[in-house]
Number of protein chains: 4
Amino acid sequence: MSDKIEQTTPSAYTSERLIAFLDAAIAIALTLLILPLMEGVSEASADRSSLAEYVGAHASQLLAFGLSFVMIAMFWRLHHAMLLPDTPTSRGRTMLQFAWLFTITIMPVVTALTGGLETDRPLVASYIGTLAASAWLLFAIAVVERRTRAAVGLPYTATLAAAPLSMALIFTLTLLLGMVVPSYFWLFVMALTGPVRGLLIR
Amino acid sequence: MSDKIEQTTPSAYTSERLIAFLDAAIAIALTLLILPLMEGVSEASADRSSLAEYVGAHASQLLAFGLSFVMIAMFWRLHHAMLLPDTPTSRGRTMLQFAWLFTITIMPVVTALTGGLETDRPLVASYIGTLAASAWLLFAIAVVERRTRAAVGLPYTATLAAAPLSMALIFTLTLLLGMVVPSYFWLFVMALTGPVRGLLIR
Amino acid sequence: MSDKIEQTTPSAYTSERLIAFLDAAIAIALTLLILPLMEGVSEASADRSSLAEYVGAHASQLLAFGLSFVMIAMFWRLHHAMLLPDTPTSRGRTMLQFAWLFTITIMPVVTALTGGLETDRPLVASYIGTLAASAWLLFAIAVVERRTRAAVGLPYTATLAAAPLSMALIFTLTLLLGMVVPSYFWLFVMALTGPVRGLLIR
Amino acid sequence: MSDKIEQTTPSAYTSERLIAFLDAAIAIALTLLILPLMEGVSEASADRSSLAEYVGAHASQLLAFGLSFVMIAMFWRLHHAMLLPDTPTSRGRTMLQFAWLFTITIMPVVTALTGGLETDRPLVASYIGTLAASAWLLFAIAVVERRTRAAVGLPYTATLAAAPLSMALIFTLTLLLGMVVPSYFWLFVMALTGPVRGLLIR
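Residues numbered from 1 in each chain as written. Chains lettered and ligands numbered in written order. Predicted model: local features only at pLDDT ≥ 70, side-chain atom pairs only at ≥ 80, totals over all residues. Heavy atoms only, no water.

Taken together, the 39 residues of chain B in the interface contact 38 residues of chain A. The contact between chain B and chain A buries some 3300 Å² in all, and 73% of this surface belongs to carbon and sulfur atoms. Broken down residue by residue, the surface that chain B buries against chain A is led by Met38, Leu51 and His80 of chain B, which jointly contribute 18%. At the surface where chain B touches chain A, the tally comes to 2 salt bridges. Linking chain B with chain A are 5 residue pairs in polar contact (both at pLDDT 80 or more). Those elements that place two or more of their residues in the side of chain B that touches chain A are α2 (16-32), α3 (35-46), α4 (51-57) and α5 (59-82) of chain B. (Contact = heavy atoms within 4.5 Å. Buried area = accessible area lost by both parts, 1.4 Å probe. Salt bridge = Lys/Arg side-chain N within 4 Å of Asp/Glu carboxyl O. Polar contact = N/O pair within 3.5 Å; in protein donor to acceptor, adjacent residues only side chain to side chain. Helix = DSSP H or I, 4+ residues; strand = E, 2+ residues; numbered from the N terminus.)

This is the structure in structure tokens:
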């Protein structure tokens, strides 16, 4: 009987199915980033535009798409490095994961807004704010993950939370800078993530 | 030869592939909840609206999106806690799962209607009614799951059906209240699910 | 070394990853069936329609959605019962699977056409013809699957191809009837699948 | 303890979860190819068109859809044959995979442009150029995959990079021809991939 229970454990009471579900939802959010570009094509088709006119008219949407693609890929990589499939699940842990997933799911909406509306303070705040919220939730996930694994005696990386913490700090700084001068160029400050993480681990 | 058969068993004759399929479909339904918001962005872009104007014009859609996100997440968690991948499949069991999936798949449509049309009795009934139907089907799934596992001697939780039953009762009550006074605020009655479940288990 | 090769075998050279990929694509096609209904909501919202008016205006789309949901679910179940993850892959076998996937991927388009345009002979032919093509390809997949498993000494079900064959025959008959009197009601002939399969197995 | 670490290895530090994520995203991009066709249906519905009128008005979109479906299927098959789930992951390797995924994710946009706008030099270049970029990135992935597996002593196929290299060369040639005479018919040159690969392996 204990054999049977062990057999059912991997995906039912551990994180395996949760991770697979999150991955599917992240992959969809990543792909739905193209929706505003698709809509632009049907308008361009109706207006008999050329490719050059399409690219010119949707330059900010193309940039926003590329930026958000990189951001979601980066978040996925961090999430992937943090979560192990054999960590036991709990109600609180699952809810935290869904809160984080929420920030990823709305990325296509926030990206479409960023690419489609005039750049102003609230718009920059909504975009970078979503990224910052996502990073802080990822930090919380890392803390809970480490604690859960330690509690049941599973191996874990001590510096698990350093990467999401440095990312959360960078995005929060970017958000503050973006409030002073509303621009997305602050996101290049992101390049500092590596060094900051290095400092936190030392 | 028996070795080979055992090797093929996990995903072919058990619930593993069915669960993976359902999860993919649920993840897509969850993400497609953003479609009305995406459409709103292209309108806002054409009208040269600000973010504040967009949020103001789509407040009910944003609320409906958030509510449905929580509801689908809650249903997924319950489904996840109930189904074990080593339960043998059967025609009836698979059909029941697809009937339940149907209620999740139409959630983006019902959510879009709720966020886009004027609140009246049929609209509230369609939204809460979909949730109630989903919960009753989940209760049926739990009953079948418990019976199937018991029949083949696999371990199961005796109180498996308590959570979906309490949820189905709560949604049915909410539906009745929503028929008297058409409003979505009744869904906060949902907070009672925990205590009711506690009573059913005792 | 042989140990390592065995470890890499399950998902790299067998059907495991192919099946997972197909399942993801089928789940998306199943969920994208709601797209015409979503579009209808934004029109209803612009026109300030009630739910009753929405349902009245989109009755044929709602019916087409429900019918195609059942059809794709049925095809998935058949596909699921036929394919085992440990069958070795081959170029021809993979191409056959993608040909079949093509018929599932266009189902949302064919469904939208069926729900949105006036019923005439070509429209009925395109809908039932897609189902028939899907069933014939599934029959070819079953034949190849049985032959592949037999060739490498894996266990297989002798009557594997009976279900898709009976379905293909039924859909072809339905197509012919639909050419005489263009109507979707012929699909209820489908109810005969069970008995026909029974005859083929005997 | 080493037992536990080994248990967590398969999907956390190897390519298993990365491959599953990529597959989900590819499956979505493949299915989103139908979006322009779906949009066409709602226009046809509003115009009370017949199926023949719809097919006539969207012939180039239907062709572009079919072509891109085959292309993505071909890329997936190649990717599938190259990547083994037990290859250790690394930051650079994951970034390369996401760069490749980017070329697949924009395929629905490029396909919609190809099917919707007038064929001119930049349009042909954007379509075939995306395919060429995808093939070159797949070649880079193959080179890294072979090197990574060799470095940790895992078995690998020596001719792993031959197929993506021949494909990259063919697409680059097609791109050059398409610059001289802008047409998609050059893609039939693709039929040469097999023989070229044969020469490279010898």
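A few words on the relation of the copies chain D and chain A. Each copy superposes on the other: chain D lies on chain A with an RMSD of 0.0 Å after a rotation of 90 degrees and an axial shift of 0.0 Å. Considering both components of the superposition, the chain copies are consistent with a four-fold axis. For chain D, the residue whose C-alpha comes nearest the rotation axis is Ala24 of chain D, separated from it by 4.3 Å. An asymmetric contact is evident, with only 8% of the interface residues of chain D recurring at the interface of chain A. (Least-squares fit on C-alpha atoms with pLDDT ≥ 70 in both.)

This next bit is on the interface of chain D and chain A. Taken together, the contacts link 38 residues of chain D with 39 residues of chain A. When the buried surface of chain D facing chain A is broken down by residue, Arg17, Phe21 and Leu117 of chain D rank first, second and third, together holding 21% of it. Summed over the shared surface of chain D and chain A, the result is 2 salt bridges. Across the salt bridge formed by Glu118 of chain D and Arg48 of chain A, the nearest N and O atoms sit 2.9 Å from each other. Between the two partners, chain D and chain A, sit 5 residue pairs in polar contact (both at pLDDT 80 or more). Taken together, the elements giving at least two residues each to the side of chain D that touches chain A come down to α1 (2-12), α2 (16-32), α3 (35-46), α6 (91-105), α7 (107-116) and α8 (121-151) of chain D.

Any two side chains of opposite charge can pair, so long as their charged atoms come close to each other. Taken as a whole and assessed by the stated rule, the structure comprises 16 salt bridges over all chains. For the salt bridge of Asp23 of chain B with Arg17 of chain A, the shortest nitrogen-to-oxygen distance reads 2.6 Å. One end of the pair, Asp23 of chain B, is in helix α2; the other, Arg17 of chain A, is in helix α2 (residues 16-32), on a second chain. Each of the two residues, Asp23 of chain B as well as Arg17 of chain A, counts as buried. (Buried < 20%, exposed > 50% of the residue type's maximum accessible area, 1.4 Å probe, protein only.)

Turning next to a negative patch on the surface. The grouping of Glu16 of chain A, Glu16 of chain B, Glu16 of chain C together with Glu16 of chain D at the surface amounts to a negative patch. One can find Glu16 of chain A in helix α2. (Patch = residues over 30% accessible without salt bridge, like charges linked within 9 Å, V, L, I, M, F, W, Y side chains within 5 Å. Areas by Shrake-Rupley, 256 points an atom, 1.4 Å probe, with all protein chains shown as cover. Lys, Arg positive; Asp, Glu negative; His and termini not counted. Charge placed at Lys NZ, Arg CZ, Asp CG, Glu CD.)

What follows deals with helix α3 (residues 35-46) of chain C. Residue and element names in this part refer to chain C. Relative to the 16 Å expected for 12 residues at 1.5 Å per residue, α3 spans 17 Å between its end C-alpha atoms, a close match to the ideal helical length. For α3, every residue scored as buried is listed here: Leu35, Pro36, Leu37, Met38, Gly40, Val41 and Ala44. Positive backbone phi, approximately 55 degrees, marks Arg48, located one or two places after α3. (Expected span 1.5 Å × (residues − 1).)

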